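Examination of the molecular architecture
Spelled out from the first residue to the last, the chains are:
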Amino acid sequence: MLFDSFLLMTRTLIAAGVVSLGMALPNPAIALDAEPKASPEADAALLDAMIGQMVMVGFAGSSDRDAGVTAVRDQLARGVIGGVVLYPENIGRPEELRALTAFLRNAKSAPVPFIAVDQEGGLVQRLTRQNGHHYFPSARSVGRNPSYASADSAERLYATMAEELAEAGFNLNFGPVVDLNLNPNNPVIGQRERSFSADPNTVTALARAFITAHREAGIVTVAKHFPGHGSSHTDSHKALADISQSWQEIELEPYRQLAKDGLLDAVMVGHLYHPRFSDGARLPASLSGRAVQALREKGYIGFQGVVVSDDMEMGAVRDDYSLEERVLKAVNAGTDLLVFSNEQSRDNELGVKIHAIIADAVRDGRISRARIEQAYGRIRLLKRRLMEHDLPGKW
C-alpha cells in the first residue's frame, strides 16, 4: 500500500512532465500533451526525493527518547535519507530493538527505508548473546565444519539468522563476505575469521546459502568487499589497503558466479587500491569509476543492481578526503548507495549535510542529474522487490 502511494505520486509528477525516471504512464503521449510541464518547485522536490534514497547513515541512541533517533526518523519522513544502519550502541534487548526499528519504520517514508545491520557471525555480529539474541559461528567456522558442507544445512543456519533479523525489524544485512581467505594473517578478514574459505567454490556455495536464506526472510543482502579484501595486509578501517601486489583474479569468481545465478541484491565496493580498479594513483576502488565499470560490464561481472559504498568514514578514505570529496567522488564513480556510519562525529545532521552536498553538486553540474536518476532507479527497483517479497526477481 505504501509503495502504491509512492508510485501514484511519482506517476502524477510524470504526467506533469517529469519523464526522466522512465516510469511511463499507460499512454504517456496523451498524458504529456494534456498536462503542463512540471514547475521548478516540483522538479526540485523530485530531485531531492531521488537524492535522499542514496543516503544511509548511522546515528546515536537506542530509543525514541534519544535525539539522534528522532533526528534520523525525521530525515526518513522528509526523504532526506533513505536508510539507516545500526551499530552496537543502538541495539538493546529484543523488545527494545523491535521498538526502535518500529519507530524508524513508522516515519512512513516512501518507499520503505532500508534498516540495515552487519550480522555476519563470529566476531562481526551486532545482535549478540549479550543483548539477548542468538550466537552464530564465524564464516571460517562454517566453511571448515563438515556439518555445513551441504547447501541445506548451511541454509538452515542462515535461515535462523535471517528470521531473527526480520523479527527485529531489519530488512538489509551487510553480508555475506565473499572475500577469499588468501592471507590468513589479514588483520580485518583472515584474523577475524570473516571468510568462508580460500576456495572460491566453497565461498560461492556458502554465500549462496546465506543469500537464499535471507531472501526467504525478506532481507536484502550485500556481498562484500569488491574487488577482494582477502589478500590484503592492511585493515581498511585504519588506512588504505593496497592490494596491488597481493590481489588475484580468482577473487572475482564468487561475484561472477553469484551474478550469473541472479543471487546478488547489492555489492559493496571496498576501500582498496589496485591500479586495475582505480581512476588514479592511490585512489581506492570505492571512489573509482573503473571499479564500478568492472562490476557492470557484461563480459566481466555483469552486475546491474545496487552498488553500495563501504563505510565512508573509515580511515582509508576519511584521512585523505574531505566529506565533500568523498561524496562527489563516490557518486560520480557510480556508487548508488552511500553509507556513513556516523561513529566518528555522531552528527545528528550528517544525513542533511550529505544530501545538501549532492543537491548542490547537481545544481552546479559537478554531478549529472542522469547519475542521480540511474542510482535512484536501481534503489527503487530493489525496494520494490523487497516490498513485493520478490527479491529473487530479475534486474
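Residues numbered from 1 in each chain as written. Predicted model: local features only at pLDDT ≥ 70, side-chain atom pairs only at ≥ 80, totals over all residues. Heavy atoms only, no water.

1. Let's talk about the pattern of salt bridges
The condition is simple: Basic side-chain nitrogens of Lys or Arg form a salt bridge, by our definition, when they fall within 4 Å of a carboxyl oxygen of Asp or Glu. When a residue's accessible area, from a 1.4 Å probe over protein chains only, is under 20% of the maximum for its type it is buried; when over 50% it is exposed; and in between it is partly exposed.
As enumerated under the stated definition, the model contains 24 salt bridges in all. Between Asp 364 and Arg 366 there is a salt bridge, with its nearest N and O atoms 2.9 Å apart. Residue Asp 364 is classed as partly exposed on the basis of its relative accessible area, which comes to 49%. Classification of Arg 366 as partly exposed rests on a relative accessible area of 35%. Through salt bridges with shared partners, a single ionic network connects Asp 118, Glu 120, Arg 126, Arg 194 and Lys 224.

2. A few points about the packing of aromatic side chains
The condition that has to hold: The criterion for an aromatic pair is that two Phe, Tyr or Trp rings (for Trp, the six-membered ring) have centres within 6.5 Å, with stacked assigned to planes under 30 degrees apart, edge-to-face to planes over 60 apart and tilted to the rest. In this description a helix means any DSSP run of H or I spanning at least four residues, a strand means any run of E spanning at least two, and both kinds are numbered starting from the N terminus. Here, a charge over a ring means that NZ of Lys or CZ of Arg falls within 6 Å of the ring centre while also lying within 35 degrees of the ring normal.
Per the stated rule, a full pass over the model turns up five aromatic pairs. When the centroid spacing of 5.2 Å and the interplanar angle of 75° are considered together, the rings of Trp 247 and Phe 277 count as edge-to-face. Of this pair, Trp 247 sits in the loop between strand E8 (241-242) and helix H9 (253-260) while Phe 277 is found in the loop between strand E10 (272-273) and helix H10 (289-296), placing the two residues 30 residues apart along the sequence. Each member of the pair, Trp 247 as well as Phe 277, is classed as buried. Ring pairing ties together the aromatic residues Phe 226, Trp 247, Tyr 255 and Phe 277, which thus form one cluster. Over the face of the ring belonging to Tyr 300 we find Arg 256, whose NZ or CZ atom lies 5.0 Å from the ring centre. Residue placement shows Lys 383 over the ring face of Phe 114; its charged tip is 4.7 Å from the ring centre.

3. Considerations on the packing of helix H8 (residues 200-216) against H9
Basically, it comes down to this: All axes are obtained by fitting lines to C-alpha atoms, using only the stretch in contact for helices, and the reported angles, taken between N-to-C directions, cover 0 to 180 degrees. Note on angle classes: values under 35 degrees are labelled roughly parallel, values over 145 roughly antiparallel, values of 65 to 115 roughly perpendicular, and the remainder oblique. Take the far helix as the reference: if the near one is turned anticlockwise from it by less than a right angle, the crossing is left-handed, and if turned clockwise, right-handed. Contacts were defined at the residue level, with two residues in contact if any of their heavy atoms lie within 4.5 Å.
Two elements in contact, H8 and H9, have axes separated by 9 Å at closest approach and are oriented at 45°. With respect to their mutual orientation, H8 and H9 come out oblique. Crossing of H8 against H9: the hand is right-handed. Only Glu 253, Pro 254, Gln 257 and Leu 258 of H9 make contact with H8, whose side of the interface consists of Pro 200, Val 203, Thr 204, Ala 207, Arg 208 and Ile 211.

4. Quick word on the environment of Met 50
By the element assignment, Met 50 lies in helix H3 (residues 40-52). Once the C-alpha coordinates of Met 50 and Arg 380 are considered, the two residues, 330 residues apart in sequence, prove to be 9.1 Å apart.

5. Some details on helix H5 (residues 94-105)
It helps to recall that an α-helix has 3.6 residues per turn; residues three or four apart then point in one direction. The condition that has to hold: To estimate how far a helix should extend, the number of its residues minus one is multiplied by 1.5 Å.
Counted at 1.5 Å a residue, the expected span for H5 with its twelve residues is 16 Å, and the 16 Å between its end C-alpha atoms agrees. Among the residues of H5, those classed as buried are Pro 94, Leu 97, Leu 100, Thr 101, Phe 103 and Leu 104. As for H5, its buried residues are in contact with helix H4 (67-78), strand E2 (83-85), strand E3 (114-117) and helix H7 (151-168).

6. A few points about the side chain of Ser 246
Where we set the bar: Counting of polar contacts relies on pairs of N or O atoms within 3.5 Å, with two restrictions inside protein: one atom must be capable of donating a hydrogen and the other of accepting it, and residues adjacent in sequence are counted only when both atoms are side-chain atoms.
As for its placement among the helices and strands, Ser 246 is situated in the loop between E8 and H9. By relative accessible area, which is 15% here, Ser 246 ends up buried. Polar contacts involving the side chain of Ser 246 include one to the side chain of Ser 231, which spans 3.1 Å. Ser 246 has contacts with Ser 231, Ser 232, His 233 and Glu 251, leaving out every residue within four places of it along the chain.

7. As for the nonpolar core
Rules: Throughout this description, the term nonpolar core refers to a set of buried Ala, Val, Leu, Ile, Met, Phe, Trp, Tyr and Cys residues connected via side-chain atoms within 4.5 Å.
Core analysis: the biggest nonpolar cluster contains 112 residues, and Phe 170, Phe 174, Ile 358 and Ile 372 have the highest contact counts within it. If we ignore the near neighbours within four places in the chain, the residues touching Ile 372 are Leu 47, Met 50, Ile 51, Met 54, Val 331, Ile 358, Val 362 and Ile 367.

8. Here's the deal with the sheet that holds strand E12 (residues 338-340)
Quick reminder of the rule: At least two bridges found by DSSP between two strands are what make those strands a pair.
Read from one edge of the open sheet, eight strands run E11-E9-E7-E6-E3-E2-E1-E12, paired in parallel fashion. Edge positions in the open sheet fall to strand E11 (306-309) and E12, since each of these has one partner strand only.

9. Structural notes on the side chain of Ser 197
Locating Ser 197 in the fold gives a position in the loop between strand E6 (172-173) and H8. The buried category is assigned to Ser 197, whose relative accessible area is 17%. From its side chain, Ser 197 meets the backbone nitrogen of Asp 199 in a polar contact 2.9 Å long. Beyond its immediate sequence surroundings of up to four residues, Ser 197 is in contact with Asp 179, Leu 180, Asn 181, Thr 202 and Val 203.

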